[in-house]
Amino acid sequence: MNLIEAVKNAGIVGAGGAGFPTHVKLSAKAQVFIINAAECEPLIETDKYLMRTFPNEIVKAAEIIAEHIGAERKVLALKSKYQREIEALQQAIIETDSSFQLVKMKSFYPAGDEQTLVQLVTGRSVPERGLPLDVGSVVSNVGTMLNVYQALQGSPVTDKYLSVVGEVANPIMLYVPVGTSLQDCIDQACPLLEEYDIVVGGPMMGKVYRGDAIQSLTVTKTTGNIIVLPKNHYLVKCAELSLSSIIAQTRSACIQCKMCTDMCPRFLIGHKIRPNMVMRNMYRERLIASNDEYETIFGEAANCCDCGICEMFACPMSLSPRKVNIFIKTQLAARGIKPERNKNPEASADLQYRRIPTERLVARLDLMKYYHFHAEECITLRPAQVSLLIKQHIGAPGIPCVSVGDKVQKGDLIVRAKDDSLSASVHASIEGKVTLIDGERIVIDKEKE
Ligand code: SF4
Ligand code: SF4
């Protein structure tokens with residue numbers, strides 16, 4: 001079996017958050033292969049734990065992939081403050097006779113954004129709404145490398161490492177079957193509050209879930225972190241604001257200071273995106289009938305990557321250019337507008353001076369009291385039930401290939417990737433009986449002994 005087949009059969013998707021099917025990403029040739037080890041957002045511990053615990057496996061898989069895609073330059077990019085991780089990887093590079101080079105970055109947000117990383121490592125800006133491959137690069141995450149290593153040993157993706165931090169007595173690293181209840185994971189960390197809300201992912205790009213909605217959530221292949229927060233925390237309050245309030249505030253309170261544009265990482269790598277201009281024109285958004293005019297005024301919003309710097313850090317008026325851009329993107333799609341792309345952007349000379357230091361961001365987000373946890377040990381959970389989403393990736397869902405009542409072993413295929421589209425397989429993450437299949441998920445219960 002070749003590498004691509006092994007990766008596809010194992011159901012590997014980008015473990016760093018987006019969930020792009022890895023076999024598709026690796027079916028290309030590229031000059032540069034970058035392992036994204038930056039752990040982009042604060043408060044996430046997972047990639048650092050993996051680098052300290054499995055450095056040899058990560059480097060070995062990375063070498064195999066680099067050879068497969070024909071990369072001449074091989075880079076492991078991480079923050080220079082990750083001293084223990086740097087030592088572990090340096091040792092692994094020596095022990096495995098690897099030619100990977102460590103690129104050590106300052107601690108800034110969004111260091112792990114693919115396009116920011118490619119620009120930093122290669123000096124080239126990815127085209128607007130393009131891929132790293134457009135400038136000869138492939139980027140993959142350290143968690144994905146570990147999954148590739150295990151796939152080459154014959155093991156599909158069945159388990160996930162994740163951290164649980166925030167308002168808890170015991171911030172922890174967990175190793176759990178995919179499909180484990182998020183509530184079970186949270187309980188392991190012992191929340192300090194009766195009532196709380198959570199962010200799944202990082203504080204900037206993760207999603208806030210409130211109250212009863214938490215009960216139905218389960219671990220997916222892309223879940224890397226849970227932050228438990230008080231119900232009145234700044235991040236929760238930001239997530240509560242309705243779109244109509246956000247738009248009303250935009251129309252009345254934007255002072256056109258332009259800070260959102262000056263700090264926007266996409267603007268800084270040369271993309272045409274000026275959130276202040278979108279904000280300035282929101283007063284007449286509903287009045288524009290002509291699609292050409294709409295594209296001229298609002299088309300730039302299509303280049304927003306949703307990083308959140310404009311709303312969570314830059315804006316002195318606590319406005320939300322990010323959410324306005326998300327709204328505008330839905331309007332562009334509804335009107336059938338596909339804005340022109342600049343395929344040869346050039347980074348601003350100011351780029352390196354306008355990076356947001358991680359600690360300042362953490363302070364701004366009121367998360368400093370949770371910031372200094374470092375996962376030393378990992379607890380393994382073995383739940384009696386898992387609920388696996390049929391679609392855990394970007395693209396089309398696969399096709400369930402089990403029925404209610406079937407007995408499955410851990411690692412058995414339960415959802416087959418579609419061959420004719422971007423898709424990914426899913427495997428049983430525990431041994432047991434299939435007890436439910438609906439349009440979204442497959443539930444497996446451990447059988448009583
Ligand atoms: S930073 Fe805020 S106030 Fe300033 S231009 Fe942008 S949205 Fe308006
Ligand atoms: S969220 Fe804001 S800062 Fe980030 S890319 Fe979009 S406009 Fe720029």
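Each chain has its residues counted from 1, following the order in which its sequence is written. Each chain takes a letter, starting from A, and each ligand takes a number, starting from 1, following the order in which they are written. Two thresholds apply to this predicted model, a pLDDT of at least 70 for residue-level local features and 80 or more for giving and counting side-chain atom pairs, whereas whole-chain, interface and lining totals are computed over all residues. Only hydrogens and water are removed before side-chain values are computed, so all heavy atoms of the structure are retained for them.

Caption draft 1: Representation of the site of ligand 1 in the model. Think of it this way: one heavy atom of a residue within 4 Å of a molecule or strand is enough to make that residue near it. Within the structure, ligand 1 sits among 13 residues, and Cys254, Cys257, Lys258, Cys260 and Cys315 are positioned closest to it. Segments assigned H or I by DSSP are reported as helices when at least four residues long, segments assigned E as strands when at least two residues long, and all are numbered from the N terminus. At the level of secondary structure, the elements contributing two or more residues to the shell around ligand 1 comprise helix H11 (259–262) and helix H13 (275–280). For the shell around ligand 1, a count of residues per class yields 10 nonpolar, 2 polar and 1 charged. Think of it as three bins: nonpolar holds Ala, Val, Leu, Ile, Met, Phe, Trp, Tyr, Cys and Pro, charged holds Asp, Glu, Lys and Arg, and polar takes everything else, Gly as well.

Caption draft 2: Structural view of the sheet that holds strand S13 (residues 385–389). What makes two strands pair is DSSP finding at least two bridges between them. Read across the open sheet, the 4 strands follow the order S13-S19-S18-S15; overall the sheet is antiparallel. Edge strands, defined here as strands with exactly one partner in the open sheet, are S13 and strand S15 (407–408). As paired elements, strand S18 (residues 432–437) and strand S19 (residues 441–445) share 4 bridges and run antiparallel to each other. Looking across to S19, one finds that Leu436 is bridged to Val443.

Caption draft 3: Fine view of the pairing of strand S1 (residues 32–36). Only protein chains enter the calculation, and the probe is 1.4 Å; a residue is then buried if its accessible area is under 20% of its type maximum, exposed if over 50%, and partly exposed in between. Counting buried residues in S1 gives 5 out of 5 residues, a clear majority hidden from the surface. The two faces of S1 match: Val32, Ile34 and Asn36 on one face and Phe33 and Ile35 on the other face are all buried. Looking at chain direction, S1 and strand S2 (residues 73–79) are connected through 5 bridges and run parallel. Looking at S2, one finds that Val32 is bridged to Arg73. The pairing of S1 with strand S5 (residues 137–141) spans 5 bridges and is classified as parallel.

Caption draft 4: Quick look at the packing of helix H4 (residues 55–69) against helix H7 (residues 142–152). Closest axis-to-axis distance for the H4/H7 pair is 8 Å, and the angle between their directions is 80°. The orientation of H4 relative to H7 falls into the category roughly perpendicular. Two secondary-structure elements touch here, H4 through Glu57, Ile58, Lys60, Ala61, Ala62, Ile64 and Ile65 and H7 through Val142, Met145, Leu146, Val148, Tyr149 and Leu152. For the contact of H4 with H7, the residue count by class is 11 nonpolar, no polar and 2 charged. Here, axes are lines fitted to C-alpha atoms. For helices the fit covers the stretch in contact, and angles between N-to-C directions go from 0 to 180 degrees. Angle categories are assigned with fixed cut-offs, so that under 35 degrees is roughly parallel, over 145 is roughly antiparallel, 65 to 115 is roughly perpendicular, and the rest are oblique. Two residues form a contact once any of their heavy atoms are found within 4.5 Å.

Caption draft 5: Geometry of the site of ligand 2. If you check the shell around ligand 2, you find 14 residues, and the closest are Cys264, Cys304, Cys307, Gly308 and Cys310. Mapped by element, the contributors of at least two residues to the shell around ligand 2 are helix H12 (265–268), helix H15 (309–314) and helix H16 (321–334). Taken together, the residues that form the shell around ligand 2 break down as 9 nonpolar, 2 polar and 3 charged.

Caption draft 6: Expanded view of the domain arrangement of the chain. Where each domain begins and ends follows an automated or database-derived domain assignment. The domains assigned to the chain are domain 1 (3–152), domain 2 (158–233 + 366–383), domain 3 (253–358) and domain 4 (384–449). Here the C-alpha centre of domain 3 lies 28 Å away from the C-alpha centre of domain 1. The interface is formed by 17 residues belonging to domain 1 together with 23 residues belonging to domain 3. Interface area, domain 1 with domain 3, both sides summed: about 1700 Å², of which 49% is carbon and sulfur. Throughout this description, the term salt bridge denotes a Lys or Arg side-chain nitrogen within 4 Å of a carboxyl oxygen of Asp or Glu. Linking domain 1 to domain 3 there are 1 salt bridge. Measuring nitrogen to oxygen at the nearest pair gives 2.7 Å for the salt bridge that ties Asp113 to Arg266. Within 3.5 Å is the distance limit for a polar contact, defined as a pair of N or O atoms, with the added protein rule that one can donate a hydrogen and the other accept it, and that residues adjacent in sequence qualify only through two side-chain atoms. On the surface where domain 1 and domain 3 come into contact, there are 15 residue pairs in polar contact (both at pLDDT 80 or more). Examining the composition of the side of domain 1 that touches domain 3, we find that 4 residues originate from one element, helix H6 (residues 114–122), more than from any other. The class makeup of the residues in the side of domain 1 that touches domain 3 is 7 nonpolar, 6 polar and 4 charged. By definition, the buried area sums, over both parts, the 1.4 Å-probe accessible area that each loses when the two are put together.

Caption draft 7: Examining the packing of aromatic side chains more closely. The aromatic pairing rule takes the rings of Phe, Tyr and Trp, using the six-membered ring of Trp, and pairs them if the centres are within 6.5 Å, calling planes under 30 degrees apart stacked, those over 60 edge-to-face and the rest tilted. Inspection of the entire model under this criterion finds 5 aromatic pairs. The interplanar angle of 50° and the centroid separation of 4.9 Å between the aromatic rings of Tyr294 and Phe298 together place this pair among those described as tilted. You can see Tyr294 and its partner Phe298 sitting in helix H14 (residues 291–298), 4 residues apart, about one turn around the helix. Cluster of aromatic residues (ring-pair linked, three or more members): Tyr49, Phe54, Tyr161 and Tyr175. For a lysine, the NZ atom is tested; for an arginine, the CZ atom; a charge sits over a ring if that atom is within 6 Å of the ring centre and within 35 degrees of the ring normal. The residue whose ring lies beneath Arg355 is Phe108, and the NZ or CZ to ring-centre distance is 4.7 Å.

Caption draft 8: Up close: the pattern of salt bridges. Tallied over the full model, the rule gives 25 salt bridges. Across the pair Lys74 and Glu63 runs a salt bridge whose closest N-O atoms are separated by 2.9 Å. Remark: Glu63 occurs in helix H4 and Lys74 occurs in strand S2; sequence separation between them is 11 residues.

Caption draft 9: Looking closely at the nonpolar core. By nonpolar core is meant a set of buried Ala, Val, Leu, Ile, Met, Phe, Trp, Tyr and Cys residues that side-chain atoms within 4.5 Å join together. Counting 66 residues, the largest nonpolar core has Phe33 and Leu76 as the members making the most contacts within it. For this core, the element with the most residues is H4, which contributes 7 residues. Within the second largest apolar cluster, 19 residues are counted, among which are Leu162, Tyr196, Val200 and Ile214.

Caption draft 10: Quick peek at H14. Taken together, the buried positions of H14 are Tyr294, Ile297 and Phe298. The buried residues of H14 occupy an angular sector of 75° when projected down its axis, which confines them to one face. Among the exposed residues of H14, those pointing more than 90 degrees away from its buried face are Asp292 and Thr296. Where H14 is buried, its residues meet H13 and H16. Directions are taken from the helix axis to each C-beta atom, and the arc is the one they span.

Caption draft 11: Just helix H3 (residues 46–53), in detail. In terms of residue burial, H3 counts as a mostly covered element, since 7 of its 8 residues are buried. Listed in full, the buried residues belonging to H3 are Thr46, Asp47, Lys48, Tyr49, Leu50, Met51 and Arg52.

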